[in-house]
Amino acid sequence: MTNLLSNDPQVGRRTMLAALVGVGTSILASCAVDPESLPGTGPEPAASPSASAPGAPPAPSAPMAVPSRKAMVSAFAGKPAGSFGLEAQGIQLDLPAAARGAALTFDACGGLLGEGYDARLIKELRAHRTPATLFVNRRWAAANISLMRELAADPLFEIANHGTSHAPLGSRGQAAYGIRGTASIAEAYDEVMGNQHYLADTFGIQARFFRSGTAHMDVLGAAMCRELSLVPMNFTVNLDAGATFPASGVAAQTALLGARDVGIGHFNRPSSGTAAGVAKALPRLLDSLESRKLRLMKLSEAFA
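Thresholds applied
Residues numbered from 1 in each chain as written. Predicted model: local features only at pLDDT ≥ 70, side-chain atom pairs only at ≥ 80, totals over all residues. Heavy atoms only, no water. Phe/Tyr/Trp six-rings, centres within 6.5 Å; stacked < 30°, edge-to-face > 60°. Helix = DSSP H or I, 4+ residues; strand = E, 2+ residues; numbered from the N terminus. Buried < 20%, exposed > 50% of the residue type's maximum accessible area, 1.4 Å probe, protein only. Lys NZ or Arg CZ within 6 Å of the ring centre and 35° of its normal. Axes fitted to C-alpha atoms, helices over the stretch in contact; angles between N-to-C directions. Parallel < 35°, antiparallel > 145°, perpendicular 65-115°, else oblique. Left-handed = near helix turned anticlockwise from the far one by under 90°. Contact = heavy atoms within 4.5 Å. Arc of directions from axis to C-beta.

Draft legend 1. Structural detail: the packing of aromatic side chains. Counted under the stated rule, the structure contains four aromatic pairs. Summarising the aromatic geometry, the rings of Tyr198 and Phe203 are spaced 5.9 Å apart at their centres and angled 85° between planes, so their arrangement reads as edge-to-face. Between Phe209 and Phe303, the aromatic rings sit 5.4 Å apart at their centres with planes inclined by 65°, giving edge-to-face as the arrangement. Here the residue Phe209 occupies a position in strand β7 (residues 209–210), and Phe303 occupies one in the segment after α11 (299–302), the gap between them amounting to 94 residues. For the residue pair Phe209 and Phe303, the accessibility class agrees, reading buried in each case. An aromatic cluster is defined as three or more aromatic residues linked by ring pairs; in this entry it consists of Tyr117, Trp140 and Phe267. A cation over an aromatic ring shows up here: Arg211 above the ring of Phe135, its NZ or CZ 4.1 Å from the ring centre.

Draft legend 2. Expanded view of the packing of helix α4 (residues 119–127) against helix α10 (residues 274–291). Across the interface, α4 lies against α10 with an axial gap of 8 Å and an inter-helix angle of 15°. The angle between α4 and α10 falls in the class roughly parallel. Handedness of the α4/α10 crossing: left-handed. Between α4 and α10, the contacting residues are Arg120, Leu121, Glu124 and Leu125 on the first element and Thr274, Ala275, Ala276, Val278, Ala279 and Leu282 on the second.

Draft legend 3. Layout of α4. All buried positions along α4 are accounted for by Leu121, Ile122, Glu124 and Leu125. Along the axis of α4, the buried positions cluster into a sector of 160°, meaning they face one direction only. Exposed side chains of α4 directed beyond 90 degrees from the buried face belong to Lys123 and Ala127. Contacts made by the buried residues of α4 are with β2 (101–108), β3 (132–136), α6 (145–153), β4 (157–161), β11 (262–266) and α10. Directly beyond the C-terminal end of α4, a positive phi value near 50° is found at Arg129.

Spelled out as structure tokens, the structure:
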């Protein structure tokens, strides 16, 4: 892992995940995919919460009209997939030009080894009144109903869509880190909208941003997200490399955040160094941003 914590922006920021492909399976620990949950390999997910979910689901706000599955399949039929990766055309990496700040985003991937909750990280964010956007996979949400309600009710945070099965969003079955992506626009639609409907029906959340499992998409998948009124959102600074960095590495990465940057970390791995690293870096980062008349913000504030 030589130089992976370098201050060189070409190493320490956008390219971090790509550089870690050869590290081994540890980078996948927080993002493992249950094979039977992949689109097309298991039963169609129900749109409504299970009867065992505690409490009655809130009435969702009026959903924005989006194209149907059939309409999307028809519209994209025969179109080339385009490039596939972290920075494929159409993926949003940073904040809009007018944004006066940076954004912290944290993923909860669910599935094997990924259903935990980093209470310390959330506590640190609250202690510093630091807003964040939380990208939640359906599997994590279903395993943490009460926590989801608590987080969704906290104005400091907003909930975004991290997919249904945590698959890379491809249209030809492209794989990332050994995880097979969705194999068609129909599967990609299910990966996005399965969780979008679940968040709306169960928690009353109308997510505005989508990040795929492994953060990999192809051009066609990113274009589909935008047609569905979702911003396909990635990052400029990798904070914890799939919750594998020690606290010192997380702190170093967090300190890199500047104007229009988007940091990615994880809040589903309480044994990782993410919470301690973010806690160490936050006070100085907040002072640094304030000195430049910048602040940390939720994605929705930047894209208002």
